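Survey of secondary and tertiary structure
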Amino acid sequence: GKQFPLAMNPNDPGWDNLMSTAPGPRMNATFVTLARNSDVYDIAKSIRQVEDRFNRRYNYDWVFLNDKPFDDTFKKVTSSLASGKTHYGLIPKEHWSYPEWIDRDRAKKVREDMKARKIIYGDSVSYRHMCRYESGFFFRHPLMLNYEYYWRVEPSIELFCDVHYDPFRVLVEEDKKYSFVLSLYEYGETIKTLWDSTKKFMKNHPEHIAPDNSLEFLSDDDGETYNNCHFWSNFEIGSLDWLRSKSYIDFFESLDKDGGFFYERWGDAPVHSIAAGLLLKKDEIKFFNDIAYYHVPFTHCPTGEQTRLDLRCHCNPKDNFDWKTYSCTSRYFDLNGLKKPEGHDSEHK
Ligand code: GDP
Ligand code: MN
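Reading the values: the criteria
Residues numbered from 1 in each chain as written. Chains lettered and ligands numbered in written order. Predicted model: local features only at pLDDT ≥ 70, side-chain atom pairs only at ≥ 80, totals over all residues. Heavy atoms only, no water. Helix = DSSP H or I, 4+ residues; strand = E, 2+ residues; numbered from the N terminus. Rg over C-alpha atoms; globule rule 2.2 N^0.38 Å. Buried < 20%, exposed > 50% of the residue type's maximum accessible area, 1.4 Å probe, protein only. Contact = heavy atoms within 4.5 Å. Lys, Arg positive; Asp, Glu negative; His and termini not counted. Charge placed at Lys NZ, Arg CZ, Asp CG, Glu CD. Phe/Tyr/Trp six-rings, centres within 6.5 Å; stacked < 30°, edge-to-face > 60°. Donors = N, O, S within 2.8 Å, 3.2 Å for Na, K, Ca; no water. Axes fitted to C-alpha atoms, helices over the stretch in contact; angles between N-to-C directions. Parallel < 35°, antiparallel > 145°, perpendicular 65-115°, else oblique. Left-handed = near helix turned anticlockwise from the far one by under 90°. Nonpolar A, V, L, I, M, F, W, Y, C, P; charged D, E, K, R; others polar. Pairing = 2+ DSSP bridges. Right-handed = clockwise from strand over helix to strand, strands pointing away. Near = heavy atom within 4 Å. Polar contact = N/O pair within 3.5 Å; in protein donor to acceptor, adjacent residues only side chain to side chain. Areas by Shrake-Rupley, 256 points an atom, 1.4 Å probe, with all protein chains shown as cover. pLDDT = per-residue confidence, 0-100. Expected span 1.5 Å × (residues − 1). Arc of directions from axis to C-beta.

With that settled, consider the overall build of the chain. From N to C terminus, the chain includes 13 helices and 12 strands. Taking 20 Å as the expected radius of gyration for a compact globule of 349 residues, we find that the chain reaches 20 Å, a close match to that expectation. Here the chain, with 349 residues, has 57% of them falling under the buried criterion. For the chain, long-range pairs separated by at least 24 residues make up 79% of all intrachain contacts whose partners lie at least 6 apart in sequence. Taking the 47 positively charged and 55 negatively charged side chains of the chain as two groups, their mean positions are separated by 3 Å.

Let us now look at the packing of aromatic side chains. Summed over the entire model, instances satisfying the criterion amount to 46 aromatic pairs. Relative to Y326, the ring of Y185 lies with its centre 5.4 Å away and its plane at 50°, an arrangement referred to as tilted. Taken together, the residues span a long stretch of sequence, with Y185 in strand β7 (residues 183–185) and Y326 in the loop between α12 (305–310) and α13 (329–335) at a distance of 141 residues. By relative accessible area, which is 18% here, Y185 ends up buried. Look at Y326 and you get partly exposed, because its relative accessible area is 45%. Here F252 and F261 contribute two aromatic rings whose centre-to-centre distance is 5.8 Å and whose plane-to-plane angle is 45°, an arrangement assigned as tilted. In terms of burial, F252 and F261 fall into one category: buried.

Taken together, the protein ligands of the manganese ion (ligand 2) are E154 (OE) and H295 (NE2), with distances of 1.9 to 2.2 Å. Placement of the pair is E154 in the loop between β4 (149–152) and β5 (158–159) and H295 in strand β11 (residues 293–295), with a sequence separation of 141 residues. Note on accessibility: E154 and H295 belong to one class, buried.

Glancing now at the packing of helix α6 (residues 194–204) against helix α9 (residues 246–258). As a packed pair, α6 and α9 sit with axes 10 Å apart at the nearest point and diverge in direction by 130°. By the angle class used here, α6 and α9 are oblique. Considering how the two elements wind past one another, α6 and α9 form a crossing that is right-handed. Contact residues: L194, S197, T198, K200 and F201 in α6; S247, D250, F251, S254, L255 and D258 in α9. Residue composition of the contact of α6 with α9, by class: four nonpolar, four polar and three charged.

Looking now at the pairing of strand β3 (residues 86–90). In the sheet, strand β2 (residues 61–66) pairs with β3 via five bridges, with the strands oriented parallel. Looking at β3, one finds that V63 is bridged to H87. In this region the chain leaves β2, passes through helix α2 (residues 72–81) and returns to the parallel neighbour β3; the handedness of that crossover is right-handed.

Every one of the 14 residues lining ligand 1 counts as a neighbour, but L34, D39, D67, Y121 and Y127 are closest to it. Here a nitrogen atom of ligand 1 sits 3.2 Å away from a polar atom, N or O, in the side chain of R36. A distance of 3.0 Å is found between an oxygen atom of ligand 1 and a side-chain nitrogen or oxygen belonging to E154. When ligand 1 sits alone it has 570 Å² of accessible area, and the protein chains cover 85% of it. For the shell around ligand 1, the element with the most residues is helix α4 (residues 125–136), which contributes three residues. In terms of residue class, the shell around ligand 1 is built from seven nonpolar, three polar and four charged.

Take the sheet that holds β5 next. The strand order across the open sheet formed by three strands is β5-β11-β12, and the pairing between neighbours is antiparallel. What marks the edges here is a single partner per strand, and that holds for β5 and β12 (298–300). Bridging between β5 and β11 involves two bridges; their strand directions are antiparallel. Bridging across to β11, L159 finds its partner in Y293.

As a further point, take the confidence of the model for the chain. The pLDDT averaged across the chain works out to 96; a share of 97% of its residues lies at or above 70. Scored as a complex, the prediction yields pTM 0.95 and ipTM 0.99.

Read from one edge of the open sheet, seven strands run β3-β2-β1-β4-β9-β6-β10, paired in mixed fashion. Each of the sheet's edge strands pairs with one partner strand only, and the pair in question is β3 and β10 (285–287). The mean inter-strand angle of the sheet, taken between neighbouring strand axes irrespective of direction, is 20°. Here α2 sits on the sheet in contact with β2 and β3, set at roughly 150° to β3.

With that settled, consider helix α3 (residues 104–116). Helix length check: α3 (13 residues) gives 18 Å between terminal C-alpha atoms against 18 Å at 1.5 Å per residue, within 8%. Turning to α3, its buried residues are A107, V110, R111 and M114. The arc enclosing the buried residues of α3, seen along the axis, measures out at 100°, which places them on a common side. Opposite its buried face, α3 presents the exposed residues D105, K109 and A116, each directed more than 90 degrees away. Of the residues flanking the end of α3, it is K118, one or two places downstream, whose phi is positive at about 55°.

Structure below.
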């Protein structure tokens, strides 16, 4: 750490060294992508951007996970683009199927009802397995067990700015467990009883609730109801050891027993976010303003002009979602007493 300090600003030594492999230590970390074979060209776009903007200088590994075996095309295309080692994992059947306590007829009726009400992904079985897998299992896949940190990447995302420093190392050195770039309100119809289950967990496991937590991010009435705020989990950089901790596993298993992954359509974003908000100290959650990101339909673009020029960004700051009314990021800043970035009040709302 001492010999190669993180270059966080244009005046720091090493900032301009963009052409070569970044000096300094590497963390025990990997990219992780859950994908189908048919996602190959959409994930290829994402990998190309992550490599161009960051990983070609760091060469972190990349783990791909799938409920079906990856085909040769998927492996060839992705391994040709990734600069680190690539690993391809098959998800064990028991992590991608109904647990024995789930009543499948009841789950089917819910899907039919949600389909009639045109709730997005409401009729999908695979989407529910995906959300449950991302909530409770990806960090326990054998290929993930050797790593301490992960960066989740989905198909068809964009990175708009250079990432000059190693975000994994930022997490390690700042002792952060979870990070985000976009936050918003969840669609309430998909998580009707998620907060009831959360309250039950809080009652049964007070020992897991962090004293200096972010309950205020999640609730406007001191925990009585959920305000639906969550960190958008298609982008995450976080600690695998935290997800594998007893507190997180107890939380996941308690929710899983209540069945809402199938009887409703609980997303991994609110599940991870509620866990981060309650089980972590508030200063263990990080917002990466410097990592400019798009996943349909939202953009995080730094509002400070100098930041965008320094980082060679190609996003339009007017598209930045952070300070619009449907974002929850203001709450995160207020709760943590953080100063909002330059330009946050000068954009079109
Ligand atoms: P959205 O972002 O909520 O619209 O959902 P996505 O379709 O992007 O799915 C989230 C992630 O899970 C992406 O990385 C997908 O590639 C992956 N995914 C979704 N469904 C499946 C599935 O049935 N099998 C596999 N292997 N991956 C899936
Ligand atoms: Mn997606």
